[in-house]
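Structure at a glance
Residue-level listing of the chains:
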Amino acid sequence: MTLIEWKEQYRLGVPEVDNEHRELIDLINALHASMAESDTNVTVLDFLGELYARVAAHFALEEKVMRDNDYDEFADHKTDHERLLDDIRDLMDDYEDDVRVDVEAFGKRLDAWFSEHFRTRDARLHKKIF
Ligand SMILES: [Fe+2]
Ligand SMILES: [Fe+2]
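Residues numbered from 1 in each chain as written. Chains lettered and ligands numbered in written order. Predicted model: local features only at pLDDT ≥ 70, side-chain atom pairs only at ≥ 80, totals over all residues. Heavy atoms only, no water.

1. A few points about the coordination of the iron ion (ligand 2)
Distances from the iron ion (ligand 2) to its protein donors, Glu-62 (OE), His-77 (NE2), His-81 (NE2), His-117 (NE2) and Asp-122 (OD), fall at 2.0 to 2.2 Å. Donor residues for the iron ion (ligand 2), ordered by position in the chain, follow E-x14-H-x3-H-x35-H-x4-D. Between the iron ion (ligand 2) and the iron ion (ligand 1) the interatomic distance amounts to 3.7 Å, and Glu-62 serves as a bridging ligand to the pair. A residue pair is termed long-range when its members are at least 10 positions apart, and His-77 in helix H3 (residues 74-96) and His-117 in helix H4 (residues 103-129) qualify at 40 residues. Residues His-77 and His-117 agree in their burial class; the two are buried. (Donors = N, O, S within 2.8 Å, 3.2 Å for Na, K, Ca; no water. Helix = DSSP H or I, 4+ residues; strand = E, 2+ residues; numbered from the N terminus. Buried < 20%, exposed > 50% of the residue type's maximum accessible area, 1.4 Å probe, protein only.)

Next comes the structure, spelled out in structure tokens:
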């Protein structure tokens, strides 16, 4: 069961970045799939924790590139990153507070966020810097 589908429109034409984005999507899907397998012990909280760590690491890398290059839209780009990380954190809080977490609905939101972010912010960044 695939949570996020790689789409051709995500491709930025920068192999390293495209690979990293693809790896991120693969990892999200693998974690999500392992949650459904009864013999593994991946819980929603494990999934969200790992997701948060990987996404944060990717963002940190991009933000370093932006800072090192005095990128003109650094603040806006970083704000958009924070928005997704906040979303993941809110969901973890909900889960810990026993609020029902709809992973499928969250998957759709992740998908929408990545589509938009790759297509706009990351595409501009990589056109300017790489
Ligand atoms: Fe990115
Ligand atoms: Fe980004």
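2. Remarks on the nonpolar core
Residues Ile-28, Phe-47, Leu-48, Leu-51, Leu-84, Leu-110 and Phe-114 are the most contacted members of the largest nonpolar core, which totals 28 residues. Elements with a contribution of two residues or more to this core: helix H1 (15-36), helix H2 (44-68), H3 and H4. Contact partners of Phe-114, with chain neighbours within four places excluded, come to Ile-4, Tyr-10, Leu-24, Ile-28, Val-55 and Leu-84. (Core = buried A, V, L, I, M, F, W, Y, C linked by side-chain atoms within 4.5 Å. Contact = heavy atoms within 4.5 Å.)

3. Focus: the coordination of the iron ion (ligand 1)
Around the iron ion (ligand 1), the protein contributes the donor atoms His-21 (NE2), His-58 (NE2), Glu-62 (OE) and Asp-122 (OD), at 2.0 to 2.2 Å from the metal centre. If you look at the iron ion (ligand 1), its four donor atoms make angles of 84 to 170° with each other, and the shape they trace is irregular. In the primary structure, the donors to the iron ion (ligand 1) are separated according to the pattern H-x36-H-x3-E-x59-D. (Tetrahedral: all angles 85-135°; square planar, octahedral: opposite > 155°, others 65-115°.)

4. As for the packing of aromatic side chains
Inspection of every chain in the model, using the stated rule, returns five aromatic pairs. Each ring, one from Tyr-10 and one from Phe-118, has its centre 5.1 Å from the other, and the planes form 85°; the classification is edge-to-face. Residue Tyr-10 is found in the segment before H1, and its partner Phe-118 is found in helix H4; the two are separated by 108 residues along the sequence. On the basis of an interplanar angle of 45° and a centroid distance of 5.6 Å, the ring pair of Phe-59 and Trp-113 is categorised as tilted. With Phe-59 in helix H2 and Trp-113 in helix H4, the pair connects residues that are 54 residues apart, well separated along the chain. Phe-59 gets classed as buried once you look at its relative accessible area, which sits at 2%. (Phe/Tyr/Trp six-rings, centres within 6.5 Å; stacked < 30°, edge-to-face > 60°.)

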